[in-house]
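So you can see what is in the structure, the chains are spelled out below.
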Amino acid sequence: MNNERILIPIPALFSFDECLWFLNRNYDDCLHVIKGNAIFKTLEIGGEVILIRIREKAAFLEVTILQGRASAENKAYLTDYVFEWFDMRHSIQPFYDLLIADGRFAYMTEAYKGLRLIGISNLFEAICWCIIGQQINLSFAYKLKRRLVERFGIETEQDGDVYHVFPAAEILSAANVDELKAIQFSQKKAEYIIGIANAFANGALSKKFLLDLPDFDSRKKALTDHKGIGIWTANYVLMKCLREPGGIPHGDVGLLNALSNHDIIKDRGEAGKIQALFDQYQGWESYLVFYLWRSLAVKDLA
DNA sequence: GTCCAGGCAGTGC
DNA sequence: GCACTGCATGGA
């Protein structure tokens, strides 16, 4: 064990507690472990398995490498990864200015102060997670993800806890529909995931490919060209992985419920009112979605 | 048994 | 383009 540390300065309007809260909601996510006030996560960097612990230390996030080499390359990768995961690169003050000016959501600037849009930087994982979650309840979705990861992903163990890495596309492209159906995936979900895995494995789809496209609409088109990726999934992925500020998962049940709770809409068919709302948040649409999702949990916890 | 869940593809107009 | 339909699968 080496226990080398990386210290990342905490920016303004950043709350590690809100990160912890989000990652430790009522769901059983298999891709990280929360113990005390620390996050444990396994990553695969160039074929090497790295286990890290992230916790708050005064004005820093302390990233400790518990397994794997603390090479300069790995430390640079991990620093970049944490910045990206917790969206620490830029100020969210302009978003807060909009919330306060709006009034309807001004309370969020205190209630969820410092909450950042927690991302999924692995594009393949982000798409698979969407396909898993399509049209089923979230707790079942997390169960399906856990079965998939435990069946096909690599894992590491420390102090009696097991840590998983999301399966590589090359692995899942070699799986067959029946193997996924055996772990309660529907026929369609199984077909979609294997199809997407094939697209990644043969190079037809990658994060770099999307990033190299000229604009938002061409990225969306490149995503929805694949079976299993509709408008909702494309926007979710653009929001959580590519961090497109304009990514709005239109039609999302949780989003609609949150808008209804805030009396923005009365039923689910008022696209005009939703558009008008997001028009006020240009450049911060995906942040507003994330904060609206955050607002849903208050009742759950009560 | 019914309704719903962080939808999608296919069809018809 | 838009509305409608069938599809899946588990949980409340």
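None of these values were measured; they are calculated from a predicted model.

## Observations regarding the pairing of strand β5 (residues 60–67)
Okay, step 1: Burial within β5 is extensive, with seven of its eight residues counted as buried.
Okay, step 2: The pairing of strand β1 (residues 4–9) with β5 spans six bridges and is classified as antiparallel. Within β5, the residue paired with Glu4 across the bridge is Ile65.
Okay, step 3: Note: strand β4 (residues 48–57) against β5, seven bridges, orientation antiparallel.

## A closer look at the protein's contact with DNA strand C
Okay, step 1: All residues adjacent to DNA strand C are Gln135, Ile136, Asn137, Phe140, Lys143, Gln184, Phe185, Ser186 and Gln187.
Okay, step 2: Taking Gln184, its side chain carries an N or O atom lying 2.4 Å from a phosphate oxygen of DNA strand C.

## Focus: the protein's contact with DNA strand B
Okay, step 1: Around DNA strand B there are 21 residues in total, and Leu138, Gly228, Thr233, Tyr236 and Trp293 lie nearest to it.
Okay, step 2: Counting only the atoms of DNA strand B that lie within 4 Å of the protein, the sugar and phosphate share comes to 60%.
Okay, step 3: At a separation of 2.5 Å, a phosphate oxygen of DNA strand B approaches a polar backbone atom of Gly228.
Okay, step 4: Take Thr233: an N or O atom from its side chain is 2.6 Å from a phosphate oxygen of DNA strand B.
Okay, step 5: In terms of residue count, helix α12 (residues 231–240) provides more of the surface near DNA strand B than any other element does, four residues in total.
Okay, step 6: Of the residues contributing to the surface near DNA strand B, the split by class is nine nonpolar, eight polar and four charged.

## Some details on the domain arrangement of chain A
Often, the extent of an interface is quoted as the loss of accessible area upon association of its parts.
Okay, step 1: Domain parsing of chain A yields domain 1 (4–89) and domain 2 (123–240).
Okay, step 2: Between domain 1 and domain 2, the C-alpha centre-to-centre distance is 22 Å.
Okay, step 3: Taken together, the 17 residues of domain 1 in the interface contact 18 residues of domain 2.
Okay, step 4: In total, domain 1 and domain 2 occlude about 1,700 Å² of area from one another, counting both sides; carbon and sulfur atoms represent 57% of this.

## Some points on the packing of aromatic side chains
Aromatic ring pairs are defined here through the distance separating the ring centres and the angle between the ring planes.
Okay, step 1: What the rule picks out here adds up to 23 aromatic pairs.
Okay, step 2: Ring geometry for Phe95 and Tyr96: centres 6.0 Å apart, planes at 65°, overall edge-to-face.
Okay, step 3: Measuring from centroid to centroid gives 6.4 Å for Phe95 and Tyr281, while their planes differ by 65°, and the two rings are edge-to-face. In this pair, Phe95 is assigned in helix α3 (residues 93–102) and Tyr281 in the loop between α14 (271–279) and α15 (285–301), connecting sequence segments 186 residues apart.
Okay, step 4: Classification of Phe95 by relative accessible area gives buried; the value is 0%.
Okay, step 5: When its relative accessible area of 1% is taken as the criterion, Tyr281 is described as buried.

## Comments concerning the sheet that holds β4
In any sheet, the strands associate via hydrogen bonds between backbone groups, in a parallel or an antiparallel arrangement.
Okay, step 1: Read from one edge of the open sheet, five strands run β1-β5-β4-β3-β2, paired in antiparallel fashion. The open sheet is flanked by β1 and β2 (33–35), the only strands paired with a single partner. Strand after strand, the sheet turns through a mean of 30° between neighbouring axes, direction not considered.
Okay, step 2: Helix α1 (residues 16–23) contacts β2, β3 (38–45), β4 and β5 of the sheet and is inclined by roughly 75° relative to β3.
Okay, step 3: Helix-sheet contacts for helix α2 (residues 72–85) involve β1, β3, β4 and β5, and the interaxial angle to β3 is about 125°.

Cut-offs applied
- Starting from 1, residues in each chain are numbered consecutively following that chain's sequence as written.
- Starting at A for chains and at 1 for ligands, labels are handed out in the order in which the entities are written.
- pLDDT decides what is reported in this predicted model: residues at 70 or higher carry local features, side-chain atom pairs at 80 or more are listed and counted, and totals for whole chains, interfaces and linings draw on all residues regardless.
- Excluding hydrogens and water, the side-chain figures rest on all heavy atoms present in the structure.
- Relative accessibility under 20% of the residue-type maximum defines a buried residue, over 50% an exposed one, and the middle range a partly exposed one, all with a 1.4 Å probe and only protein chains included.
- Secondary structure elements follow DSSP: runs of H or I no shorter than four residues count as helices, runs of E no shorter than two count as strands, and numbering proceeds from the N terminus.
- Two strands are counted as paired when DSSP detects at least two bridges linking them.
- We call a residue near a molecule or strand as soon as one heavy atom of that residue lies within 4 Å of the molecule or strand.
- Polar contact is the term for a pair of N or O atoms within 3.5 Å; when the atoms are in protein, one must be able to donate a hydrogen and the other to accept it, and sequence-neighboring residues count only if both atoms are side-chain atoms.
- Ten residue types, Ala, Val, Leu, Ile, Met, Phe, Trp, Tyr, Cys and Pro, are classed as nonpolar, four, Asp, Glu, Lys and Arg, as charged, and the remainder, Gly among them, as polar.
- Those domain boundaries reflect an automatic or database domain assignment.
- Should any heavy atoms of two residues lie within 4.5 Å, those residues are counted as being in contact.
- A 1.4 Å probe defines the accessible area here, and the buried area is the portion of it lost by two parts on being joined, summed over both.
- Working definition: a ring pair exists when centres of Phe, Tyr or Trp rings (six-membered ring for Trp) sit within 6.5 Å. Plane angles under 30 degrees give stacked, over 60 give edge-to-face, the rest tilted.
- Angles run from 0 to 180 degrees between N-to-C directions of axes, and those axes are lines fitted to C-alpha atoms, restricted for helices to the stretch in contact.

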